[in-house]
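Coordinate analysis (summary)
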Amino acid sequence: MRAYDIIAKKRDGKKLTLSELEFMVSGFVKEEIPDCQMAAFLMACYIKGLDIEETVTLTQVMASSGEQIDLSSISGVKVDKHSTGGVGDKTTLVLTPLVASVGVPVAKMSGRSLGHTGGTLDKLESIPGYKVSLSMEEFVGQVMRIGLAVIGTGENINPADKKIYALRDVTATISSLPLIASSIMSKKIAGGAEAIVLDVKVGSGAFMKSQKEAEEIAKLMADIGKKAERKTVAVITNMDEPLGFAVGNALEVREAIETLKGKGPKDLEELCLELGAQMLLLAKKAGDLSEAKSMLKEVITSGKALDKFSQWIVAQGGDGSVTESYRCLPQAKIVSDYLAKESGYIFSVNAEEVGRAAMILGAGRESKKDKVDLAVGLVFKKKVGDYAEKGEVLVEIYANDMEKLDQADTIIDNAINIEKEKPKKKPLVLSTVKE
Ligand code: URA
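Attention here is on the structure that accompanies the text. Everything numeric in this text was worked out from a predicted model, so none of it was measured. (Residues numbered from 1 in each chain as written. Predicted model: local features only at pLDDT ≥ 70, side-chain atom pairs only at ≥ 80, totals over all residues. Heavy atoms only, no water.)

**A word on the site of the ligand**
In the vicinity of the ligand, the residues found are Tyr-165, Arg-168, Ile-180, Ser-183, Ile-184, Lys-187 and Phe-207. The contact in question runs from a nitrogen atom of the ligand to an N or O atom on the side chain of Ser-183, over 2.7 Å. Against a free-state accessible area of 240 Å², the protein chains account for coverage of 91% of the ligand. Looking at the shell around the ligand, the elements that each hand over two or more residues are helix H8 (159–170) and helix H9 (177–190). Here the element with the most residues in the shell around the ligand is H9; it accounts for 4 residues. (Near = heavy atom within 4 Å. Polar contact = N/O pair within 3.5 Å; in protein donor to acceptor, adjacent residues only side chain to side chain. Areas by Shrake-Rupley, 256 points an atom, 1.4 Å probe, with all protein chains shown as cover. Helix = DSSP H or I, 4+ residues; strand = E, 2+ residues; numbered from the N terminus.)

Structure below.
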C-alpha cells in the first residue's frame, strides 16, 4: 500500500477502505508518512468529502491510535459533554459539579484555547495550584471518591487527532464536517464515556455558521456515537453573541462560580440546565427534561453544586478559597471602559470578533506555542436586545498592555452594532438531535 495511491483515490472522489484509512493514520502517527502527504490527503478529504461509513471508520482508527481510557471501575453511567467551541463558553466549569452533585460521575478530559475560541484547561489553570495532569489511577480514583475530575488529554490519548488537528490548523482544512465530527468523536470514544452530550454551536462565534450545517454535523456525530455504542445527544445552540458576560480565563471562572451560586447570567444558566438535564437523562437519573432541570435547580439553591465545585478544585490541588473571594485569581493591571457611542438597542455582537479581541489581549492563542495571560479579557455589561444610553459602559476591557488594549478596543468598536429598533432575539437552544 502507498500513501500516494490513497491520496489519488480520494482526490478522484473514491471511497476509502478501513485498511487504507488505517494505513494513512497510523503511518502519520509513526512519522512514516510525512506532513506533505498527510496535508494533501486531508485537503482531498476536505474537497471530496467522506461518507458516513468512511467517517465512522476514520473515527475508530483515530480513537484507537493511542491509549483508551477504561472507566468501568467507576459505578454509574459515565456521561461526557463536549462543545464544538465558542466564545465565553464556561459551561464545563458549571456543568461538571452541577451534574456530579446529583450523582452523575464525570471523568472529563478537556482542551486548551485555540484561535478565537476558549479552552477549559486554561480557565481552570487560572485557579492557583489547579493540576491539569493526573495519572490515570489518580484521575479514576478521584471520580470514584468525589464524583468528578477534569484533566487535560494526555499525550498518549488519541495522538492521531493531536497531529492531524495541528496540520489541519495550518492547511485550511479545519472546517470540514466529517473531519470535525471524527476529531471530536474520536476524543470522546478514547475518553471512555458511555454516553455523550454534544453542544453544537451555531452562529458568528462558532465553526458552524448555519443551523442546517450544525444539524448535519450533529446527526453525523450521533450516528458515529451509535456505531460506537455510545448513546449520543446533540443540542444545537446559538453562538451569535458570547455566552454570558465574561470572556477570558480568570474572568470566566468568576462567572462560573457566580452561576453555581444562582447569580450567573441567564443564558449561561439556561444552557447549563439544558445540557445538564440531557446528561441526567442519559444517566437515567430523571424521567424527563423538566424533572431533570428541577433536580439541577435544587442543587444550585441548596449550595450542593457550589460545595461540589470546591471539593473538586481542592482535590486537584487548587485554592478552594476562590468560591469566597476572587482575590486569589490573576488580576489585570488595567481596566478600561468601552462606552456606547450612541443611544439605541444592542442589535448584534459579533462573537468571533469578541473572541479575537480577547485573544489579542492575551486570553487565547493564535498558535499552539503562545502563552496565555490568564487575567485579561472582556466583561460585557449588556446583551443583545438591551437598551444603552450614549456614554453608558458596554464593556469592561481587562488588559496588561496598552497597545493590546487599543487594538481590542478597535475590534470591539466594530463587533458591536447599535440600532434604533429592538432586534428579534433567537432562542439559545435551537434544536436537539438524537441518534
Ligand atoms: N473541535 C475539535 O475537537 N475538532 C475539530 O476538528 C474542530 C473542533
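**Some points on the packing of H8 against H9**
Contact geometry for H8 and H9: axes closest at 11 Å, N-to-C directions at 150 degrees. Relative to H9, the element H8 is oriented roughly antiparallel. Like other packed secondary-structure pairs, H8 and H9 cross with a definite hand, here left-handed. Residue-level inspection shows Asp-161, Tyr-165 and Arg-168 of H8 in contact with H9, the latter providing Leu-179, Ile-180, Ser-183, Ser-186 and Lys-187. Class assignment for the residues of the contact of H8 with H9 results in 3 nonpolar, 2 polar and 3 charged. (Axes fitted to C-alpha atoms, helices over the stretch in contact; angles between N-to-C directions. Parallel < 35°, antiparallel > 145°, perpendicular 65-115°, else oblique. Left-handed = near helix turned anticlockwise from the far one by under 90°. Contact = heavy atoms within 4.5 Å. Nonpolar A, V, L, I, M, F, W, Y, C, P; charged D, E, K, R; others polar.)

**Digging into the sheet that holds strand E13 (residues 429–434)**
Strand-to-strand pairing in sheets goes through backbone hydrogen bonds, with the strands running parallel or antiparallel. Read across the sheet, 4 strands follow the order E1-E4-E5-E13 without closing on themselves; strand pairing throughout is mixed. Here the strands that pair on one side only, and so sit at the sheet edges, are strand E1 (79–83) and E13. Going across the sheet, the axis of each strand differs from the next one's by a mean of 15 degrees, ignoring polarity. Inspection of the sheet shows E1 paired to strand E4 (residues 195–202) by 5 bridges, in the parallel sense. (Pairing = 2+ DSSP bridges.)

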